[in-house]
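# A structural walkthrough
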Amino acid sequence: MGHARYTYRLRVSSAARTALAAEWARCRWIWNECVAKSRTVHLHNRATGQQATCGPAQLDRMLTEARARTPWLRAGASVPQQQVVRDFGRSRAKAHKDIRERLPMACRAGMPKHKKKRGTPASLNYTQRGFRLKHGRLHLAGGIVLTVVWSRELAAQPSSVRVYQDSLGHWYASFVVPAQARPLPSTGRAVGVDWGVKETATTTSDDHDLPHAEHGKKAQTKLTRYDRMMARRRPQKGRPASKGYREAQKLRAKSHKKVARQREDTGRKWAKKVVRDHDAVAVEDFKPKFLAKTTMARKAADAAIGATKTALIEMGRKHGRDIRLVHPAYTTMDCAHCGARAKHALPLGERTYTCTACRTVSPRDKNSAHVMLVRAGLNPAGTDGTRPPGALLQEAA
């Protein structure tokens, strides 16, 4: 079943807040040193033709040497600093993997970059030897004690915890615990899901379609007002921000946080409904990152397709459902009835799909949702009037 995260709000005293800020300053410095070392090794390899490496093992040895000769660094806990090195190694390895697999630039994970002092929220990771729970309070390495707002009980003993700060300055603790399955009664039904921009999700069942909620559009008036307040109060370069600017900045961040939570809530409720009513779900393995460079960027971001897809996958795993990811190539060109493929890509504005082989006419997104079922092997011949690809050719032969 893997693992799950349980996130709780933290009540942080002034002394604990100061200690957390100091820990984050050390961890941020280590991250930036790792970035600098990685870039130096890359330039050296390109100039000399050598194949020197800069993996977590070398960076761990560098961290040990740095702690030995730097009292400021040694004053902090070693656990979060080691986790920073490991996080950097995973991020760098993912970037190299995408390069080797020749993924499109829009789909690649970029190389790790420097973390600035301002604009980068704090995030500290602790393993089991770096924290403990005692009398309902969270004790971190370095003598930092935090009060946890226990909104629900932990399902099991946590193996690690992430203490982080959001855009509003609030502190949270995210515990990692073994995930527990909660099977739902069998329904004997399957559904296909096609992602879109006009409608966030179109399914083979009309009752489970997810229309575009437009949470961001509804909050745009407030966001525009706060943007103008910040523009009027923007400080000159090199001058500290005024109290009015900081207040407008906080109000803007608060509105963005509310919209993000609305999107997450909508996605989770829809995912729970789909998983509850179906045993198997064929989901388009859609990666919406490329939409950020199109004219649909604002509407696509407001739809939160990626977050909704993740919520559906996690909900299916939690309740023991069969979730099958389908490659999105040609899903809008294939006919779900006979399997024939259109000779040209359909325009984005075209809402009706007409098959050139069997002359079937259906809504474009509904046809794509049925294609998901067929490709996933969940919709055999005779179900919902849909046949597998190539069925007509076999009958003709």
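In this text the structure is predicted, and so the values were computed from the model without any measurement.

As a further point, take the sheet that holds strand β9 (residues 199–203). With mixed pairing, the five strands of this open sheet are ordered in space as β10-β9-β8-β11-β12. Both edges of this open sheet fall to β10 (210–211) and β12 (322–326), since each of them pairs with a single strand only. Pairing analysis gives three bridges linking strand β8 (residues 190–195) to β9, with the strands arranged antiparallel. When the sheet's bridge partners are listed, Asp194 is paired in β9 with Thr202.

At a minimum axis separation of 9 Å, helix α7 (residues 243–277) and helix α9 (residues 305–318) run at an interaxial angle of 40 degrees. Between α7 and α9, the crossing angle belongs to the class labelled oblique. Crossing geometry of α7 relative to α9 is assigned as right-handed. Listed contacts from α9 to Gly267, Arg268, Trp270, Ala271, Lys272, Val274 and Val275 of α7 are Thr308, Ala311, Leu312, Met315 and Gly316. Broken down by class, the residue content of the contact of α7 with α9 amounts to seven nonpolar, three polar and two charged.

Turning next to the layout of surface pockets. Of the pockets and cavities examined, the largest pocket occupies roughly 1400 Å³. Mapped by element, the contributors of at least two residues to the lining of the largest pocket are β1 (3–11), β6 (160–165), β7 (171–178), α7 and α9. Element by element, the count of residues in the lining of the largest pocket is highest for α7, at nine residues. Classifying every residue of the lining of the largest pocket by side-chain character gives 15 nonpolar, seven polar and 17 charged. Considered as a void within the structure, the second largest pocket measures approximately 1100 Å³ in volume. As for the second largest pocket, its lining consists of 29 residues, of which Lys117, Arg118, Gly119, Ser167 and Gln249 are closest to the centre. Breaking the lining of the second largest pocket down by element, the ones donating at least two residues are α1 (14–48) and α7.

Among the surface-exposed residues, Lys222, Arg225, Arg228, Arg232, Arg233 and Lys258 lie close enough to one another that they form a single positively charged patch. For the positive patch, the element with the most residues is helix α6 (residues 220–233), which contributes five residues. Structurally, the position occupied by Lys258 is in helix α7.

Further remarks concern the sheet that holds strand β4 (residues 137–140). Across the sheet, seven strands lie side by side as β2-β6-β7-β1-β5-β4-β3; this open sheet has antiparallel pairing. Sheet topology places β2 (123–127) and β3 (131–134) at the edges, where each strand pairs with a single neighbour. Shown here is a sheet whose adjacent strand axes are inclined to one another by a mean of 30 degrees, direction ignored. In this structure, β3 lies alongside β4, joined through four bridges in antiparallel fashion. Bridge assignment links Arg132 to a residue of β4, and that residue is His139.

The next point concerns empty space enclosed by the protein. Overall, the coordinates contain one cavity of 30 Å³ or more when judged by the stated rule. By volume, the largest cavity is sized at about 90 Å³. What lines the largest cavity is a set of 13 residues, and nearest its centre among them are Thr200, Ala213, Thr266, Ala303 and Thr308. Sorting the residues of the lining of the largest cavity by element identifies β10, α7 and α8 (297–303) as the ones contributing at least two each. Here the lining of the largest cavity gets three residues from one element, more than from any other, and that element is α7.

Our next topic: the packing of aromatic side chains. Scanning the entire structure with this criterion turns up nine aromatic pairs. A centroid spacing of 5.9 Å and a plane angle of 65 degrees characterise the contact between Tyr8 and Phe175, whose relative ring orientation is edge-to-face. Taken as a pair, Tyr8 in strand β1 and Phe175 in strand β7 lie far apart in primary sequence, 167 residues in all. Classification of Phe175 by relative accessible area gives buried; the value is 0%. Judged by centre distance (5.9 Å) and plane angle (25 degrees), the rings of Trp150 and Phe175 are stacked.

In this section: the packing of α1 against helix α4 (residues 78–100). Look at α1 against α4: their axes get within 9 Å of each other, and the N-to-C directions meet at 35 degrees. The handedness of the crossing between α1 and α4 is right-handed. Packed against α1, whose contacting residues are Glu23, Arg26, Cys27, Ile30, Trp31, Cys34, Val35 and Ser38, the element α4 presents Pro80, Gln81, Val84, Val85, Asp87, Phe88, Ser91 and Arg92 at the interface. Along the lines of polarity and charge, the residues of the contact of α1 with α4 split into nine nonpolar, three polar and four charged.

In this section: the environment of Ala271. Structurally, Ala271 can be placed in helix α7. Of the residues examined, Ala271 reaches a relative accessible area of 0% and is grouped as buried. With 43 residues separating them in the primary sequence, Ala271 and Glu314 have C-alpha atoms 8.9 Å apart. Not counting residues up to four positions away in its chain, the partners in contact with Ala271 are Ala311, Leu312 and Met315.

Okay, helix α2 (residues 56–69) next. For α2, spanning 14 residues, the distance from its first C-alpha to its last is 20 Å, which sits close to the expected 20 Å at 1.5 Å a residue. What α2 keeps buried is the set Leu59, Leu63, Ala66 and Arg67. Down the axis, α2 shows its buried residues gathered within 95 degrees of arc, on one side only. The outward face of α2, more than 90 degrees from its buried face, is lined by the exposed residues Thr64, Ala68 and Arg69. The inward-facing, buried residues of α2 abut α1, α3 (71–74) and α4.

Calculation criteria
- Residues numbered from 1 in each chain as written.
- Predicted model: local features only at pLDDT ≥ 70, side-chain atom pairs only at ≥ 80, totals over all residues.
- Heavy atoms only, no water.
- Pairing = 2+ DSSP bridges.
- Helix = DSSP H or I, 4+ residues; strand = E, 2+ residues; numbered from the N terminus.
- Axes fitted to C-alpha atoms, helices over the stretch in contact; angles between N-to-C directions.
- Parallel < 35°, antiparallel > 145°, perpendicular 65-115°, else oblique.
- Left-handed = near helix turned anticlockwise from the far one by under 90°.
- Contact = heavy atoms within 4.5 Å.
- Nonpolar A, V, L, I, M, F, W, Y, C, P; charged D, E, K, R; others polar.
- 1 Å grid on protein atoms, 1.4 Å probe; cavity = no way out; pocket = protein on both sides within 12 Å on 5 of 7 lines; lining within 4 Å.
- Points joined across faces, edges and corners; volume = space filled by probe spheres on them.
- Patch = residues over 30% accessible without salt bridge, like charges linked within 9 Å, V, L, I, M, F, W, Y side chains within 5 Å.
- Areas by Shrake-Rupley, 256 points an atom, 1.4 Å probe, with all protein chains shown as cover.
- Salt bridge = Lys/Arg side-chain N within 4 Å of Asp/Glu carboxyl O.
- Lys, Arg positive; Asp, Glu negative; His and termini not counted.
- Charge placed at Lys NZ, Arg CZ, Asp CG, Glu CD.
- Phe/Tyr/Trp six-rings, centres within 6.5 Å; stacked < 30°, edge-to-face > 60°.
- Buried < 20%, exposed > 50% of the residue type's maximum accessible area, 1.4 Å probe, protein only.
- Expected span 1.5 Å × (residues − 1).
- Arc of directions from axis to C-beta.

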